[in-house]
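# Breakdown of the fold
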Amino acid sequence: MLGPVILAASRSDKMRRFVSAAPGTKQVVGRFIAGETVEQVVPIVRDTTARGLEVTLDVVGEDITTREQAFAARDAYLELIDHLKSLDLGTRAEMSVKLSMFGQALEGGHELALANVRPVVEAAAAIGTTVTLDAEDHTTLDSMFAIHEELRKDFPQTGCVIQAYLFRTEEDARRLAAGGSRVRIVKGAYKEPASVAYQDKAEIDKAYVRILKILMEGDGYPMIGSHDPRLIAITQELARRAGRKLDEYEFQMLYGIRSDEHVRLAAEGHRMRVYTAYGTDWYGYFMRRLAEKPANLLFFVRSMITKN
């Protein structure tokens, strides 16, 4: 029941100021955020990939209000790509981007976001890797999918994300699977109304499995974003039934969560990619992590009490 409250707080400037100033915040944020600068995150990328894991990197920050901020977001990703070039990791280190960070919500936002994300996708391709477009709230998805389709004309490996809790997602999954897309499936981490999304956890899990089956039986490349042991086991079984080899799909989990499971799956021969976020504008990302799991919120509250 706390999840919707926390998600609402993620849009509150007052709560942003309160959480940012709380004594225990830095400790907990460090659990989910790999650093504030690209120089801090590169050693983590190097260490993660040396352990047989892969990464997708997210420069956090989505609630921008000016075109200048959108250009700065583009440049932050270009700087990241410049640092990744020397590591020569290819697709073992890719990027995830939120189009809102590239100006999607501003006036003329669709065209602005496409213009800003294209050079990032081009630069990623030049070093042998790719970009995945993250899903945000349901009002942004038609624009995101249109940009995804446009980018795939020149860069077919560009990925996108779908969210199991939305009613529309099964149809989106059929279209993307038939088109051979790289698709990350997640449960969903935004506050969505009952008119567009399942509200019950059991219904969301059922939808996740239905969508996962569509992806596994399709022509694309499924990327399973989940820490749920039951869904991981179901994924393995559906992949077996679909005749998929271990390199024909991958698991993705968040940095700082179930790290032992990251290593276990990689040791079994699975592609295991760690979603690694960094940057200074961490608030929205951090609050969604708290909303996803009560244990994360409990950890935060305990840290605040300990520091006081």
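Values in this document were obtained by computation on a predicted structure and should not be read as measured data.

## Digging into the side chain of Thr48
Structurally, Thr48 is set in helix 4 (residues 38–50). Residue classification places Thr48 among the buried residues on the basis of a relative accessible area of 5%. Setting aside chain neighbours within four positions, we find Thr48 in contact with Leu53, Glu54, Val55 and Val274.

## A few points about the environment of Val59
In this structure, Val59 sits in strand 1 (residues 54–59). You can call Val59 buried: its relative accessible area is 8%. Sequence-wise, Val59 and Thr280 are 221 residues apart; in three dimensions their C-alpha atoms are separated by 8.7 Å. Aside from chain neighbours lying at most four places away, what touches Val59 is Ala76, Tyr77, Leu80, Met101 and Tyr278.

## With respect to the sheet that holds strand 6 (residues 221–225)
By way of backbone hydrogen bonds, the strands of a sheet pair with one another, either parallel or antiparallel. The strand order around the closed barrel formed by eight strands is 1-2-3-4-5-6-7-8, and the pairing between neighbours is parallel. The mean inter-strand angle of the sheet, taken between neighbouring strand axes irrespective of direction, is 30 degrees. Contacting strand 1, strand 2 (93–97) and strand 8 (271–278), helix 4 runs over the sheet at an angle of about 165 degrees to strand 1.

## Thoughts on the nonpolar core
Within soluble globular proteins, side chains that are nonpolar generally end up buried alongside one another. Formed by 70 residues in total, the largest nonpolar core has its most connected members in Tyr77, Leu80, Met95, Val117, Leu133 and Ile162. Here the element with the most residues in this core is helix 9 (residues 201–217); it accounts for seven residues. In this view, Leu80 contacts Val38, Leu57, Val59, Met95 and Tyr278; residues no more than four positions away in its chain are not counted.

## So, the layout of surface pockets
Of the voids in this model, the second largest pocket is the one considered here, and its volume is about 310 Å³. As for the second largest pocket, its lining consists of 19 residues, of which Val59, Val60, Ala76, Met101 and Thr280 are closest to the centre. Here the lining of the second largest pocket takes five residues from helix 5 (residues 67–85), the largest share from any one element. Classifying every residue of the lining of the second largest pocket gives nine nonpolar, five polar and five charged.

Definitions and cut-offs
Residues numbered from 1 in each chain as written. Predicted model: local features only at pLDDT ≥ 70, side-chain atom pairs only at ≥ 80, totals over all residues. Heavy atoms only, no water. Helix = DSSP H or I, 4+ residues; strand = E, 2+ residues; numbered from the N terminus. Buried < 20%, exposed > 50% of the residue type's maximum accessible area, 1.4 Å probe, protein only. Contact = heavy atoms within 4.5 Å. Pairing = 2+ DSSP bridges. Axes fitted to C-alpha atoms, helices over the stretch in contact; angles between N-to-C directions. Core = buried A, V, L, I, M, F, W, Y, C linked by side-chain atoms within 4.5 Å. 1 Å grid on protein atoms, 1.4 Å probe; cavity = no way out; pocket = protein on both sides within 12 Å on 5 of 7 lines; lining within 4 Å. Points joined across faces, edges and corners; volume = space filled by probe spheres on them. Nonpolar A, V, L, I, M, F, W, Y, C, P; charged D, E, K, R; others polar.

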